[in-house]
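So the chains spell out like this:
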Amino acid sequence: MIDLAIDTYKRAIELQPNFPDAYCNLANALKEKGKVQDAEECYNTALSLAPNHSDSLNNLANIKREQGNTEDAVNLYLKALDVFPEFAVAHSNLASVLQQQGKLHEALLHYKEAIR
């Protein structure tokens, strides 16, 4: 079904090339299929169309984190939270990175925000 989703999102982009949600959804499907570089490009395209697209910021941060680039990941999570302060998933993701960095007090604050 993932291939069908990819084809569908590509078709949506053909019909509306300036729709950041379509790029974000395509990126999610590509990442699930293991095409991380293609997914990263799609998130960046979504962000070029809508720099404050919180889902793309969070999802791109996840890729950066998985690549070991925690500094970029933290910055992207923080930007997502600037855009959408109640974004529980971004709070949780950021908290996890901060915990790994040994910043336990900051991590706890973001875990609490995620729960709230």
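Before reading on, note that the structure itself is shown above.
Keep in mind the model is a prediction, meaning the values are calculated, not measured.

J.: With reference to specific residues and values, describe the environment of Ala 61.
T.: Note that Ala 61 resides in helix H4 (residues 54-66). Look at Ala 61 and you get buried, because its relative accessible area is 0%. In sequence terms Ala 61 and Lys 79 are 18 residues apart; their C-alpha atoms lie 9.9 Å from each other. Non-local contacts of Ala 61, meaning those with residues more than four positions away in its chain, are made with Ala 73, Leu 76 and Tyr 77.

J.: An account of the packing of helix H6 (residues 88-100) against helix H7 (residues 104-115) is requested, with residue identities and associated values reported.
T.: The relative placement of two packed helices comes down to the angle between their axes together with the axis-to-axis distance. With their axes 8 Å apart at the nearest point, H6 and H7 run at an angle of 160 degrees to one another. In terms of orientation, H6 and H7 fall into the roughly antiparallel class. For the pair H6 and H7, the sense of crossing is left-handed. Contacts between H6 and H7 involve Ala 88, His 91, Ser 92, Leu 94, Ala 95, Ser 96, Leu 98 and Gln 99 from the first element and Leu 104, Glu 106, Ala 107, His 110, Tyr 111, Glu 113 and Ala 114 from the second.

What counts as what
Residues numbered from 1 in each chain as written. Predicted model: local features only at pLDDT ≥ 70, side-chain atom pairs only at ≥ 80, totals over all residues. Heavy atoms only, no water. Helix = DSSP H or I, 4+ residues; strand = E, 2+ residues; numbered from the N terminus. Buried < 20%, exposed > 50% of the residue type's maximum accessible area, 1.4 Å probe, protein only. Contact = heavy atoms within 4.5 Å. Axes fitted to C-alpha atoms, helices over the stretch in contact; angles between N-to-C directions. Parallel < 35°, antiparallel > 145°, perpendicular 65-115°, else oblique. Left-handed = near helix turned anticlockwise from the far one by under 90°.

Purely geometric numbers; function is a separate question.
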